[in-house]
Amino acid sequence: VQEYINLISRKTGKKFPASPAKHLLTSIIECGMNAVKQGGDEIFINTEAISTLKGKSTTGLIYTRNPFTGAKDPYGVYLASDGTKKPIDFVHKDAAGAKEKEILRNKFPNLYLKIKESLPKVENIFKGITEIEFVTDEDENLYFTAFDKAQATPRATIVSTVDLNHAGIISDDQAISK
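First things first, this report covers the structure right here in the doc. Everything numeric here is computed off the predicted structure, so don't read it as measured data. (Residues numbered from 1 in each chain as written. Predicted model: local features only at pLDDT ≥ 70, side-chain atom pairs only at ≥ 80, totals over all residues. Heavy atoms only, no water.)

1. Topic: the pairing of strand S5 (residues 130-136)
Regular strands show a simple pattern: their side chains alternate between the two faces of the sheet. Counting buried positions along S5 gives five out of seven residues, so the element sits mostly inside the fold. Here seven bridges tie S5 to strand S6 (residues 142-149), and the two strands are oriented antiparallel to one another. Among the inter-strand pairings, Val135 is bridged to a residue of S6, identified as Tyr143. Linking S5 to S6, which pair antiparallel, is a turn of five residues; within it Glu140 sits at a positive phi near 65°. (Buried < 20%, exposed > 50% of the residue type's maximum accessible area, 1.4 Å probe, protein only. Helix = DSSP H or I, 4+ residues; strand = E, 2+ residues; numbered from the N terminus. Pairing = 2+ DSSP bridges.)

Have a look at this one:
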């Protein structure tokens, strides 16, 4: 392992990240940028979901913004401890039938904030609405396991494209081509 760490440090000219989370995040960002450069729009990371008796770990699917409207609201579902899919937030179309305490935002508020803070970063890398699979552990550490270009309505595509263009993330030509 030490030989590998030394080799990577020499080849990159940078110190090898000591934190596994930082190492994983750096790898995901590099893979995302390389995928975009090569015209790709997907990254898959194999992982094993961790289940615990405490019921604090979960898995789910979230979009960087609402794929129907283009609004910057967290949109998606997570797997509740009873094995059913529950909404991430109230803006989800199925949230009206869910109990308020079952919404991820209320059940795991710290996790919800981590997810919400990460969505713009992911969208900036992929330059569009992105579908993200995630898992957590019993300590509510967040791990993104798959990224894919989201299927979105024409309205959501236009709204997100205009937002990304106004933020300077995509050029006028890129916006027009979308």
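2. Description of the pattern of salt bridges
Across all of its chains, the model carries three salt bridges by this definition. Arg65 is the salt-bridge partner of Glu123, the closest N and O atoms lying 2.8 Å from each other. Highlighted residues: Glu123 in helix H4 (residues 109-126) and Arg65 in the loop between strand S2 (59-63) and strand S3 (75-79), separated in sequence by 58 residues. Of the two residues, Glu123 and Arg65, neither departs from the other in class, the shared state being buried. Between Arg65 and Asp163 there is a salt bridge, with its nearest N and O atoms 2.8 Å apart. With Arg65 in the loop between S2 and S3 and Asp163 in helix H5 (residues 154-166), the pair connects residues that are 98 residues apart, well separated along the chain. Classification of Arg65 by relative accessible area gives buried; the value is 1%. Here Asp163 falls in the partly exposed class, since its relative accessible area comes to 29%. Overlapping salt bridges, with partners in common, bring together Arg65, Glu123 and Asp163 in one network. (Salt bridge = Lys/Arg side-chain N within 4 Å of Asp/Glu carboxyl O.)

These figures capture arrangement, not role.
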